[in-house]
Amino acid sequence: PCKTFKIISLLSLSTALVYLLSISDSYGPYSAKAVSAIFGGSYLINTNNNFLTYKDDIIGIKIDYPADWIHELHARGLVTFLASSEGNSNTYPAGLGIVVQQLKSKNMPLNEITKIQIKNLTQSHPDFKLIESSELKLSGNIANKIVFTATDDMNQKRKAMQIWTLKGDKAYLITYKAEPGQYSKYLPTIQKMIDSFQFIR
């Protein structure tokens, strides 16, 4: 139960990333039960700066993550990477989640998705505050990024970064979420992880 609370409190920022893309529930509460058998992820040892490589042939992604972080697979196409708890804290100080979803429509441009996402976050979280909105490349793909603060479903104040891109008939969402005071501390690690992200099919 304690672990469930930790994961939900970190990753349950309830946001609807475009119902048109069938991702309307992507950041609602999740069960903490890992379901590796469903997704069949594999782990590769990477001695570069004590990072491991996570590879999932089914959802078609590869990403490096710190060897001392907790990695879990969940139902509904979610994989999470959580920084180790600090001190007596009952929540993980930072984490990164990746969701891969089948598209219902391939015709919506990224900037429209961004507008809808910001609108949904504003409606779902009264204290939502947008800090940054920009475009970048994710594994060679054009992607959109927003950085914001909001209180999540477990009444925890969080600072978050969301990146999304489209490839083929799938949408790929990456969310970095942290306690506001820890966001900058973990950002270089998160950036290494994002830079290492690759599509493998």
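Note on numbering: residues in each chain are counted from 1, in written sequence order. pLDDT decides what is reported in this predicted model: residues at 70 or higher carry local features, side-chain atom pairs at 80 or more are listed and counted, and totals for whole chains, interfaces and linings draw on all residues regardless. To obtain the side-chain values, all non-hydrogen atoms of the structure were included, while hydrogens and water were left out.

Enquirer: Sorry if this is basic, but what is going on with the sheet that holds strand β8 (residues 141–151) here?
Expert: What holds strands together in a sheet is hydrogen bonding between their backbones, with the strands either parallel or antiparallel. A pair of strands is labelled paired if DSSP reports no fewer than 2 bridges between them. The secondary structure listing takes helices from DSSP runs of H or I that are at least 4 residues long and strands from runs of E that are at least 2 residues long, numbered from the N terminus. If you trace the seven strands from one edge of the open sheet to the other, you get β4-β5-β6-β10-β9-β8-β7, paired in antiparallel fashion. Two strands bound the open sheet, and with one partner strand each, they are β4 (70–74) and β7 (129–138). Strand-to-strand twist of the sheet, defined as the mean angle between neighbouring strand axes without regard to direction, takes the value 15 degrees. Where β4 and strand β5 (residues 78–82) come together, five bridges link them in antiparallel fashion. For His 74, the partnering residue across the bridge sits in β5 and is Leu 78. In this description, contact between two residues means that some pair of their heavy atoms is separated by no more than 4.5 Å. Orientation is described by axes fitted as lines to C-alpha atoms, over the contacting stretch for helices, and by angles from 0 to 180 degrees between their N-to-C directions. Here helix α4 (residues 183–196) sits on the sheet in contact with β5, β6 (94–102), β7, β8, β9 (157–167) and β10 (170–178), set at roughly 15 degrees to β9.

Enquirer: I would appreciate a short explanation of the confidence of the model for the protein in the present structure.
Expert: Across the chain, each position has a pLDDT score giving the predictor's confidence in that residue, from 0 to 100. Of all residues in the protein, 72% attain a pLDDT of 70 or more, and the chain-wide mean is 75. This model gives residues 1–40 a pLDDT under 50, and the stretch forms 140 contacts once residues within four places in sequence are excluded.

Enquirer: Help me understand the packing of aromatic side chains, please; the structure alone is not making it clear to me.
Expert: Think of a pair of aromatic rings as described by two things: how far the centres are apart, and how the planes are tilted against each other in angle. When two rings of Phe, Tyr or Trp (its six-membered ring) have centres within 6.5 Å they constitute a pair, described as stacked for plane angles under 30 degrees, edge-to-face for angles over 60, and tilted for the intermediate range. Under the defined criterion, the tally for this structure stands at seven aromatic pairs. Geometrically, the ring pair formed by Tyr 65 and Phe 81 is tilted, given 4.9 Å between the ring centres and 40 degrees between the ring planes. Of this pair, Tyr 65 sits in strand β3 (residues 61–66) while Phe 81 sits in strand β5, and the two are 16 residues apart along the sequence. The buried label applies to any residue whose accessible area, calculated with a 1.4 Å probe on protein chains only, is under 20% of its type's maximum; exposed applies above 50%, and partly exposed to all values in between. Overall, Phe 81 belongs to the buried group, its relative accessible area being 0%. An angle of 45 degrees between the planes, with centres 5.3 Å apart, marks the rings of Phe 128 and Phe 148 as tilted. Here the residue Phe 128 occupies a position in the loop between α3 (110–124) and β7, and Phe 148 occupies one in strand β8, the gap between them amounting to 20 residues. Classification of Phe 128 by relative accessible area gives buried; the value is 14%. For Phe 148, a relative accessible area of 0% gives the class buried.

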